[in-house]
Amino acid sequence: MPGAPRWLRHSLRIAQVERTRSRRLLGRSSVLRALVAVVVVSLAVGSGVGAYAFGTAVRRGQTILPLDTMQIAVTMGCLALLVGFVQRTSRLGERVDTDHLLTTVHAHEVVLGVILAVAARTATRLSLTAVSIAIGFAVGAGAPASAVSILVAVAGLFALTALLGVGLSFAVQLVTTRSPRFRRYKNALIVIGFFLVLGGWTAIDLDQLTMGFLRRWLTSLPTAWFVDLGLLGLPAVQTEGIRSLGALALVVGGLPGMTVVTTVLATRVWETEPVSSAVLHRSRSLVGDGLAERLFAGHVSRPVLTVARKRWLQERRVPRALMMVGYIFVFALLVGIPVLAVGGVRLAPLLVAFVLAAESGLAFGLTPVATEYSSLPMTLTASTGDQFVRGTLLAGVAIGTPVTGLATFGLGVLGPPGVIEAVLLGVTGAVLSVCAITVAAAIGMGVSSRNLVAVPVPLTSSTMYGEIGGAGFIRMGKLLGLVALVCTPALVGYLSVVFDPVSTMLGVPTVAVRVGALAVTIGLAGGVSAVGYRRAVRLYDDYTLA
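In this text, all values refer to a predicted model and were calculated from it rather than measured experimentally.

Take a nonpolar patch on the surface next. Nonpolar side chains collect at one region of the surface, where Tyr52, Val131, Ile135, Val139 and Leu151 lie side by side and expose about 410 Å² of accessible area between them. Among the elements that make up the nonpolar patch, the one with the highest residue count is helix H5 (residues 107–141) (three residues). Within the element layout of this structure, leucine 151 appears in helix H6 (residues 145–178). Leucine 151 sits in the partly exposed class, given a relative accessible area of 32%.

Okay, here's the thing in structure tokens:
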């Protein structure tokens, strides 16, 4: 661009160099690039045809625009793009040679170059589809002006999302540079984003079964304003002009303001000396005057408390188990929502109890040998099976059981059940949590130390021991299956096709049938917990390292 300002030429050159470097690192062949191009063009053509048909249906009055659904989809799409931009900025930041660049160009030129490099590939692939959709919808709806408004809305929202992603990435880098605790993580925001996306979609699906409060909240977010801006050129649709003006104000005022903030954050990252690695590995005593000591001293023995405190310290430093519970969220998304759709909202407290109980077992009970691997000979010598298993249970029960019980009780109070029934639901959730942790400990103690190898913890710079292959997923499946089996009486008893005919046959209120189902689950959970505890203690006492 010969006529462009000097600072813009510098930024474009930085973006071009980083894009070329990224393409060379990926080592993509010409055949793969051609295939990607064919997919992009095919997607654009198909989207344009679909948009034309939809616009024609809107013009003829055969359908109406689902504004709330479009607004929620735009919000969730922006969140997914935001996570991707943060991750891409982090990877690119490791390659950019700022020590040399900042001696020749200004910081804001480097920041703009990073933004362009991060957004270029996504913009290239999405722009053709966006133009095709805008033109197809405008032609079908008979409103040429809507093509312009749609493209303005898409471009503005994309630019804001890309800039926010780069700014958040630099903010995370600044925190990890200055904080010993956060420096252990490469991309902590990716973990948060993963759970936000899963939790968001789950909450939206759940909300469709209830009062729609979440949908109303999501449609009021600033990202939803851009739907009104995009449909501003469509006379047949009544959009809110104030929301369209708000979207334009965000673009006009937000882009330069966020650029300044991002430049400041990036400059601080490049000028800040990272914290010394010696600070990251400070040793901590497992006995002392901490919160656990004040709460549990005098109630549990010192060996039991030491095992629990060590487990809490491990999770606080590297929450590997917390990352693993993403599998449970996926399970809830794929299985729990269809179950709710069939069984009704009344099942929601029990499904939440199952999910949180399984998470507690997965987080604190399923990997006792792997978490103790580095000191396993000393642990086996210094503590008995009863002490070790009780410490493992204490670590999980102290955190998972109150959360599970309170969440189940809260949903019971807010939902159809009465207060008495909600209290029993809370007790059921708490007992399920204890059962899941105990069963997980029994399953986890069956792992041979010979099958453990050093594996990197995803999204962190740490390495821990774990099983390779599918053995870990098999143990996870066993845990989920056993906890689901314990939950079955309560789930069946809460189906209207069950408690209505049973109450009629026995001549008792329907609440009595549901309470009886909960009592069966509580009794079953107690019996399974006792068996799992004895098995875990026996496996620990018989454990050999040969």
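Looking now at helix H10 (residues 241–271). The end-to-end C-alpha distance of H10, which contains 31 residues, comes to 44 Å, matching closely the 45 Å that a straight helix rising 1.5 Å per residue would cover. Along H10, the largest kink reaches about 40° and is centred on glycine 254; proline proline 256 follows within four residues of it. Looking at H10, one finds that the buried residues are Arg243, Ser244, Gly246, Ala247, Val251, Gly254, Thr262, Thr263, Ala266 and Val269.

Time to look at empty space enclosed by the protein. The final tally for this structure, using the stated rule, is two cavities of 30 Å³ or more. Each pocket or cavity is described by its volume, and for the largest cavity that value is around 60 Å³. Surrounding the largest cavity, Val307, Arg311, Phe364, Thr367, Pro368, Thr371, Glu372, Phe388 and Thr392 form its lining. Those elements giving two or more residues to the lining of the largest cavity turn out to be helix H13 (302–317), helix H17 (368–371) and helix H19 (385–414). Its residues assigned to classes, the lining of the largest cavity shows four nonpolar, three polar and two charged.

Turning to the nonpolar core, a few remarks are in order. Counting 21 residues, the largest nonpolar core has Leu92, Val114, Val118 and Val166 as its most contacted members. Those elements that place two or more of their residues in this core are helix H1 (6–26), helix H3 (67–93), H5, H6 and H10. When residues in this core are grouped by element, the largest group, seven residues, is from H5. Aside from chain neighbours lying at most four places away, what touches valine 166 is Thr89, Val114, Ile115, Val118 and Thr262. Counting 20 residues, the second-largest nonpolar core is a separate cluster that includes Phe354, Leu362, Leu366 and Met476.

Turning our eyes to something else, we now look at the pattern of salt bridges. Proximity of charged atoms lets side chains of opposite charge pair with each other. For the coordinates displayed, the defined rule picks out four salt bridges. A salt bridge links arginine 243 to aspartate 228, with the shortest nitrogen-to-oxygen separation between them at 3.0 Å. Within this pair, whereas arginine 243 is found in helix H10, its partner aspartate 228 is found in helix H9 (residues 222–230), the two being separated by 15 residues in sequence. For arginine 243, a relative accessible area of 13% translates into the label buried. Judged by relative accessible area, aspartate 228 falls into the buried class, the value being 5%. With a closest N to O distance of 2.8 Å, glutamate 421 and arginine 514 form a salt bridge. Of this pair, glutamate 421 sits in helix H20 (residues 419–444) while arginine 514 is found in helix H23 (residues 510–541), placing the two residues 93 residues apart along the sequence. The exposure class of glutamate 421 is buried, given its relative accessible area of 4%. Taking relative accessible area as the criterion, arginine 514 reaches 7% and is therefore assigned buried.

Here the focus is the packing of aromatic side chains. Within the structure shown, the criterion is met by four aromatic pairs. With a centroid separation of 4.8 Å and an interplanar angle of 15°, the aromatic rings of phenylalanine 388 and tyrosine 540 are classed as stacked. Here phenylalanine 388, found in helix H19, pairs with tyrosine 540, found in helix H23; they are 152 residues apart in sequence, far enough to count as distant. Assessed through its relative accessible area of 4%, phenylalanine 388 is described here as buried. Seen from the ring of tyrosine 494, arginine 514 lies directly overhead, with NZ or CZ sitting 5.8 Å from the centre.

As for its position among the elements, threonine 438 is in helix H20. Among the polar contacts made by the side chain of threonine 438, one reaches the main-chain carbonyl oxygen of valine 434 at a distance of 2.7 Å. Discounting chain neighbours no more than four positions away, the residues touching threonine 438 are Leu393, Ser529, Gly532 and Tyr533.

Moving on, we come to the environment of threonine 404. Mapped onto the elements, threonine 404 comes out in helix H19. Separated by 29 residues in sequence, threonine 404 and serine 433 have C-alpha atoms that sit 6.7 Å apart. Apart from residues lying up to four places away in sequence, threonine 404 is in contact with Ala353, Leu356, Ala357, Ser360, Gly429 and Ser433. Here glycine 400 takes part through its backbone oxygen, which lies 2.8 Å from a polar atom of the side chain of threonine 404.

Turning next to the packing of H9 against H10. Two elements in contact, H9 and H10, have axes separated by 7 Å at closest approach and are oriented at 115°. Compared by their axis directions, H9 and H10 come out roughly perpendicular. When you trace H9 past H10, the crossing you get is left-handed. Contacts between H9 and H10 pair Pro222, Ala224, Trp225, Phe226, Asp228 and Leu229 from the former with Arg243, Ser244, Gly246, Ala247, Leu248, Leu250 and Val251 from the latter. Looking at the contact of H9 with H10 residue by residue, the class counts come to nine nonpolar, two polar and two charged.

Conventions used here
- Residues numbered from 1 in each chain as written.
- Predicted model: local features only at pLDDT ≥ 70, side-chain atom pairs only at ≥ 80, totals over all residues.
- Heavy atoms only, no water.
- Patch = residues over 30% accessible without salt bridge, like charges linked within 9 Å, V, L, I, M, F, W, Y side chains within 5 Å.
- Areas by Shrake-Rupley, 256 points an atom, 1.4 Å probe, with all protein chains shown as cover.
- Salt bridge = Lys/Arg side-chain N within 4 Å of Asp/Glu carboxyl O.
- Helix = DSSP H or I, 4+ residues; strand = E, 2+ residues; numbered from the N terminus.
- Buried < 20%, exposed > 50% of the residue type's maximum accessible area, 1.4 Å probe, protein only.
- Expected span 1.5 Å × (residues − 1).
- Bend = angle between axes of the 7 residues up to and from the residue.
- 1 Å grid on protein atoms, 1.4 Å probe; cavity = no way out; pocket = protein on both sides within 12 Å on 5 of 7 lines; lining within 4 Å.
- Points joined across faces, edges and corners; volume = space filled by probe spheres on them.
- Nonpolar A, V, L, I, M, F, W, Y, C, P; charged D, E, K, R; others polar.
- Core = buried A, V, L, I, M, F, W, Y, C linked by side-chain atoms within 4.5 Å.
- Contact = heavy atoms within 4.5 Å.
- Phe/Tyr/Trp six-rings, centres within 6.5 Å; stacked < 30°, edge-to-face > 60°.
- Lys NZ or Arg CZ within 6 Å of the ring centre and 35° of its normal.
- Polar contact = N/O pair within 3.5 Å; in protein donor to acceptor, adjacent residues only side chain to side chain.
- Axes fitted to C-alpha atoms, helices over the stretch in contact; angles between N-to-C directions.
- Parallel < 35°, antiparallel > 145°, perpendicular 65-115°, else oblique.
- Left-handed = near helix turned anticlockwise from the far one by under 90°.

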